[in-house]
Amino acid sequence: MLPLSYCDKSHLENGDKIIMPASALNYLAFKVVDYPMLFNLLNPTSGRVTHCGVQEFDAEEGILFMPNWMMDHLELQDGDLVKVKSTRLEKGTYVKLQPHTKDFLEELSDPRAVLETTL
């Protein structure tokens, strides 16, 4: 497992997608998989888990590229092993966001528009 900066795809750094090897696509092609493809990522050492999608299947064999924030969340270092499992997630129907401080609301002229555009 390596950060996206190793494959010159740092534009994906703020997203929730990983880059996997072509062999993963070949394996998944013979399985029953929901689309869009979603994956459960597990750090077997710490037990930390997250979910993601896949952007491309063009990484070298045995290599997985992911955003730095995802590596931090999973407590992974360059070269660590991560378990990847295809999964299905229910679509969310509601989210309620609450800022930690009022500064967030005061710094933005239209917080709702900023969140809708960014998310």
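Refer to the structure above for everything that follows.
Residues numbered from 1 in each chain as written. Predicted model: local features only at pLDDT ≥ 70, side-chain atom pairs only at ≥ 80, totals over all residues. Heavy atoms only, no water.

**Focus on the overall build of the chain**
Where we set the bar: The helix count covers DSSP runs of H or I at least four residues long, the strand count covers runs of E at least two residues long, and both are numbered beginning at the N terminus. Using a 1.4 Å probe on the protein chains alone, a residue whose accessible area is under 20% of its type maximum counts as buried, one over 50% counts as exposed, and one in between counts as partly exposed. Shrake-Rupley sampling with a 1.4 Å probe provides the accessible areas, and residues are treated as covered by the protein chains on show and by no other component. For this count, His and the chain ends are skipped, Lys and Arg are scored as positive, and Asp and Glu as negative. Taken as the charge centre is NZ of Lys, CZ of Arg, CG of Asp or CD of Glu, depending on the residue.
Scanning the chain from terminus to terminus reveals four helices and six strands. When the helices and strands of the chain are read in sequence order from the N terminus, they spell out β-β-α-β-β-β-α-β-α-α. When the backbone C-alpha atoms are referred to their principal axes, the chain occupies close to 50 × 30 × 30 Å. Looking at the 119 residues of the chain, the share that counts as buried comes to 29%. Carbon and sulfur atoms form 52% of the exposed surface of the chain, whose accessible area is close to 8,800 Å². Averaging the locations of the 11 positively and 18 negatively charged side chains of the chain gives two centres separated by 11 Å.

**Digging into the pairing of strand β3 (residues 38–42)**
Selection criterion: Only strands joined by at least two bridges in the DSSP assignment are considered to pair.
Residue alternation in β3 divides its side chains into a buried set, Phe39 and Leu41, and an unburied set, Leu38, Asn40 and Leu42. For β3 and strand β4 (residues 49–59), the ladder comprises five bridges, and the chain directions are antiparallel. Following the sheet pairing, Phe39 is matched in β4 by Cys52. Here β3 folds back onto β4, and the loop between the two strands holds six residues, one of which, Gly47, carries a positive phi near 80°. Bridge analysis of β3 against strand β6 (residues 83–87) gives five bridges, and the strand direction is antiparallel. Along β6, the bridge assignment pairs Asn40 with Lys85.

**Quick notes on the side chain of Lys9**
Convention followed: Polar contact is defined as a pair of N or O atoms within 3.5 Å, subject to the rule that within protein one atom must be able to donate a hydrogen and the other to accept it, and that residues adjacent in sequence are counted only when both atoms are side-chain atoms. Only heavy atoms enter the contact rule, under which two residues are in contact if any of them lie within 4.5 Å.
Tracing the chain through its elements places Lys9 in the loop between β1 (2–3) and β2 (17–21). Of the residues examined, Lys9 reaches a relative accessible area of 17% and is grouped as buried. Polar contacts involving the side chain of Lys9 include one to the side chain of Glu56, which spans 2.7 Å. Ignoring any residue separated from it by four or fewer positions in sequence, one finds Lys9 in contact with Leu4, Ile19, Glu56 and Asp58.

**Regarding the state of the cysteines**
Basically, it comes down to this: The definition used for a disulfide is geometric: two cysteine sulfur atoms within 2.5 Å.
Applying the stated criterion to the full structure yields zero disulfides. Cys7 takes part in no disulfide bond, and the closest cysteine sulfur to it belongs to Cys52, at a distance of 14 Å. Given a relative accessible area of 18%, Cys7 falls into the buried group.

**A short note on the pattern of salt bridges**
Using the following cut-off: Any Lys or Arg side-chain nitrogen found within 4 Å of a carboxyl oxygen on Asp or Glu counts as a salt bridge.
Summed over the entire model, instances satisfying the criterion amount to seven salt bridges. In this structure, the salt-bridge partner of Asp16 is Lys17, at a minimum N-O distance of 3.5 Å. Using a relative accessible area of 40% as the deciding quantity, one classes Asp16 as partly exposed. A salt bridge links Asp34 to Arg88, with the nearest nitrogen and oxygen atoms 3.2 Å apart. Residue Asp34 is located in the loop between α1 (22–29) and β3, and its partner Arg88 is located in the loop between β6 and α3 (103–107); the two are separated by 54 residues in the primary sequence. What you see here is one network of salt bridges that share partners, running through Lys9, Glu56 and Asp58.

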